[in-house]
Amino acid sequence: MTSATLPASVDAMLELLTSRGYLAERSLATVTYLSLRMGRPLFLEGEAGVGKTEIAKVLSAALGRKLIRLQCYEGLDVSSAVYEWNSAAQMIAIRMAEAAGDTDREQLSSDIFADRYMIKRPLLQALEPDVAGPPVLLIDELDRADEAFEAYLLEILSDFQVTIPEFGTVKAPHPPIVIITSNRTREIHDALKRRCLYHWVDYPAAERELAIVKSRVPGISAKLSQQVVRFVQALRDQDFYKSPGVAETIDWATALSELDARSLTPQVVGDTLGALLKYQDDITRMQGDTLQKVLKEATSEN
Amino acid sequence: MAINHLAPEKTEQFADNIVGFARALRSAGMPVGPGAVIDAMSALQVIDIGNRADVFTTLEAIFVKRHEHALIFKQAFNLFFRASEEWKHMLDSVPLPEEARKKPQAGARRVQEAMSQPRMTETPQHQEQDLRLSVSDKEILQKKDFAQMSAAEITEALRAIERMHLPQAELLTRRYLPDPRGLRLDLRRTLRASLRTGGDIIDIHRRGPIQKPAPIVALLDISGSMSEYTRLFLHFLHAIGDARKRVSVFLFGTRLTNVTRALRQRDPDEALASCSASVEDWAGGTRISASLHNFNKLWARRVLSQGAIVLLISDGLEREADSKLAFEMDRLHRSCRRLIWLNPLLRFGGFEAKAQGIKMMLPHVDEFRPVHNLSSIQELIATLSRPLPPHHRSLIRSAA
């Protein structure tokens, strides 16, 4: 069955992720492996840009599963997350039945609440069987949805089923692989976290970040990539409103290599700082002495 | 040696160890349910338990559900899976945060107070008189400054606060609900109803947006100069937290403490006790600027994201008032829907914003109100229950 293609150990998991260019910490590989083996949703929390969403994409590609993404936002409700009836088509069906002189109400009702009038949204799609095996369901930035939606997720996440009043209960034959991410703009209720394996994704250590930069920005020189990583790591020690994530590091490294920069200079850093820092206050603070200091730290040879 | 605990051939001992570890975590203040223990056992069966790091990550993913607990878990894990000694002794040496320590029992404070009150020995008639306040007494109580109240009056004021009913200040959400007067057509319901008449649409069903109380975030100054007010304000915040679900409370003096969870307890005394247990700098100095900085950096994005109203309760007497304070106030102001500054100093008729700190903060608030007696708190409640103005910076209701 499908589980045959799943990695059989933490090391295999690590390899699988690495083969797709995702250089994960061992702890992340462990929880991912566990979530696959135990069939439990994986709840990833951490600062923006540390690779929480990425892991779902990588998993789906590596396992050859469909990726179903539900981007959360305030006001997300059942009709845009689970299913919706195609009312226009239903209306036409009713008119057609009328025109044909069909007046059996029971028959009409069961006809128009059939599968073909249902518009399936991500959560329902994720419960459907797929030839390639259960899909990867990414519930992205759950903290942006409101509490009511969170409560709705409880049933889906524990039983992998959805109840539709006109239709009945839809249950997944095999539970999907669920990855939930949150940036902590709001605390998620304990009840939901309890159903998941929880993991805090941290900024990577310098060596790992260097490896990530090298694999993601192929043309970059060894010297520049090292300076970039040192600079970013030093920046994270500063008291900024928003520290740069790995995604920003990659952006910046790409920008620098596009500009053909050989090494970091105050000029080139000043011009491209917007790729790293996203708040004007933070950028202002980086002028002058702070910039000099961090730059010196990053470019010193040792 | 550590892994001896997890010797697979001794399944019973293995289970015992997990149960014991879960108990250790629980007594360290982490919420660990029996479900998690079962999860942990099944998880450990699919990984290689010879690898200590993997065992750590596995158990962490199951037992830790909040990032804040990660540190406690780490220490507990290192202690528990170190040697097979009695874990309890070792646990005592863990530097746990105050809130993790055993909580005092509900009403302990009230019992204690009752025991030490001389009133207990007084005649019952006297007590009765105390409690039966006449109408005029009540009026006086409404206007009386909290700082000048006697113990009995404070008791009465607390009761009045508990009775305060907070009407819901509504915030339109983007979710919808069946509403006969709503503006949106509810096609699904309309269609279902039409089936009853064989497809003829007789009733049109509508939907309207759900209204929800706006979240409130309170930043309460607990420095020495505010000490006469803090307890009453905490009672007030506890009372409104009961009525509406989304109230976050932070205390600050020289440092910032999130006491939202502590205040959630039903019993006000227990809530206040666990609140004060989690604060280290009670009635000390004030560092408003540093505290606001911490709030802006660590919490603003998490608690202000849904159009929150911020209540800043402070006298604004800041020693290190400089441009940083203005900067942090500005940031706070820009990240919330409405910033209301409640200042007990406003009770003085001729109050002028002379102190440097107050001058710095004043330009960045939407409203500046007194809170020193019951009637001003009631006015505050009335303000909170009015429909929110659209997201614009209204005029400052200056004290001068």
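Residues numbered from 1 in each chain as written. Chains lettered and ligands numbered in written order. Predicted model: local features only at pLDDT ≥ 70, side-chain atom pairs only at ≥ 80, totals over all residues. Heavy atoms only, no water.

Engineer: I'd like a description of the overall build of chain B, backed by residues and values.
Structural biologist: Helix and strand counts for chain B come out as 17 helices and nine strands. Burial statistics for chain B: of 400 residues in total, 48% are counted as buried. Across chain B, contacts joining residues at least 24 apart in sequence account for 74% of those joining residues at least 6 apart. (Helix = DSSP H or I, 4+ residues; strand = E, 2+ residues; numbered from the N terminus. Buried < 20%, exposed > 50% of the residue type's maximum accessible area, 1.4 Å probe, protein only. Contact = heavy atoms within 4.5 Å.)

Engineer: Talk me through the interface of chain B and chain A; I want residue IDs and the actual numbers.
Structural biologist: Between chain B and chain A, the residue contacts involve 47 residues of the former and 53 residues of the latter. For the pair chain B and chain A, the summed buried surface comes to about 4,500 Å²; carbon and sulfur atoms form 50% of the total. When the area that chain B buries against chain A is broken down by residue, the three leading residues are B:Lys65, B:Arg175 and B:Arg301, summing to 16%. Counting across the chain B and chain A interface gives 13 salt bridges. For the salt bridge of B:Arg66 with A:Glu187, the shortest nitrogen-to-oxygen distance reads 3.9 Å. On the surface where chain B and chain A come into contact, there are 22 residue pairs in polar contact (both at pLDDT 80 or more). Among the elements of the structure, helix H2 (34–46), helix H3 (52–63), strand S1 (170–178), helix H10 (187–195), strand S3 (206–213), helix H14 (288–303) and helix H15 (323–335) of chain B are those that each provide at least two residues to the side of chain B that touches chain A. (Buried area = accessible area lost by both parts, 1.4 Å probe. Salt bridge = Lys/Arg side-chain N within 4 Å of Asp/Glu carboxyl O. Polar contact = N/O pair within 3.5 Å; in protein donor to acceptor, adjacent residues only side chain to side chain.)

Engineer: So what about helix H10 (residues 206–216) of chain A? Which residues, and what values?
Structural biologist: Residue and element names in this part refer to chain A. Among the residues of H10, Glu209, Leu210, Ile212 and Val213 are the ones counted as buried. Looking down the long axis of H10, one finds its buried residues gathered within 160° of arc, a one-sided arrangement. The inward-facing, buried residues of H10 abut helix H11 (222–237) and helix H12 (246–258). (Arc of directions from axis to C-beta.)

Engineer: Any chance you could break down the domain arrangement of chain A for me, citing the residues and the numbers?
Structural biologist: Assigned domains of chain A: these are domain 1 (10–77 + 119–201), domain 2 (83–115) and domain 3 (206–296). Relative placement of domain 2 of chain A and domain 3 of chain A: their C-alpha centres are 60 Å apart. (Domains from an automatic or database assignment.)

Engineer: Lay out the nonpolar core with the relevant residues and their values.
Structural biologist: In globular proteins that are soluble, nonpolar side chains generally tend to be buried together. Formed by 100 residues in total, the largest nonpolar core has its most connected members in A:Leu142, B:Leu59 and B:Phe63. The dominant element in this core, judged by the number of residues it contributes, is helix H2 (residues 26–38) of chain A, at seven residues. The contact partners of A:Leu142, leaving out residues within four places of it in the chain, are A:Phe43, A:Cys72, A:Phe149, A:Glu150, A:Leu153, A:Ile180, A:Thr181, A:Arg186, A:Ile188 and A:Leu192. In this structure, B:Ala160, B:Ile161, B:Ala214 and B:Ala239 belong to the second largest nonpolar core, which totals 40 residues. (Core = buried A, V, L, I, M, F, W, Y, C linked by side-chain atoms within 4.5 Å.)

Engineer: Now, about the packing of H10(A) against H12(A): what can you tell me, with residues and values included?
Structural biologist: Residue and element names in this part refer to chain A. Running from N to C, H10 and H12 cross one another at 50°; their axes reach a closest spacing of 10 Å. Of the possible angle classes, the one that applies to H10 and H12 is oblique. Relative to H12, the crossing made by H10 is right-handed. When H10 is examined against H12, the residues Glu209, Ile212, Val213 and Arg216 are found in contact with a partner set consisting of Val246, Thr249, Ile250 and Ala253. When its residues are assigned to classes, the contact of H10 with H12 shows five nonpolar, one polar and two charged. (Axes fitted to C-alpha atoms, helices over the stretch in contact; angles between N-to-C directions. Parallel < 35°, antiparallel > 145°, perpendicular 65-115°, else oblique. Left-handed = near helix turned anticlockwise from the far one by under 90°. Nonpolar A, V, L, I, M, F, W, Y, C, P; charged D, E, K, R; others polar.)

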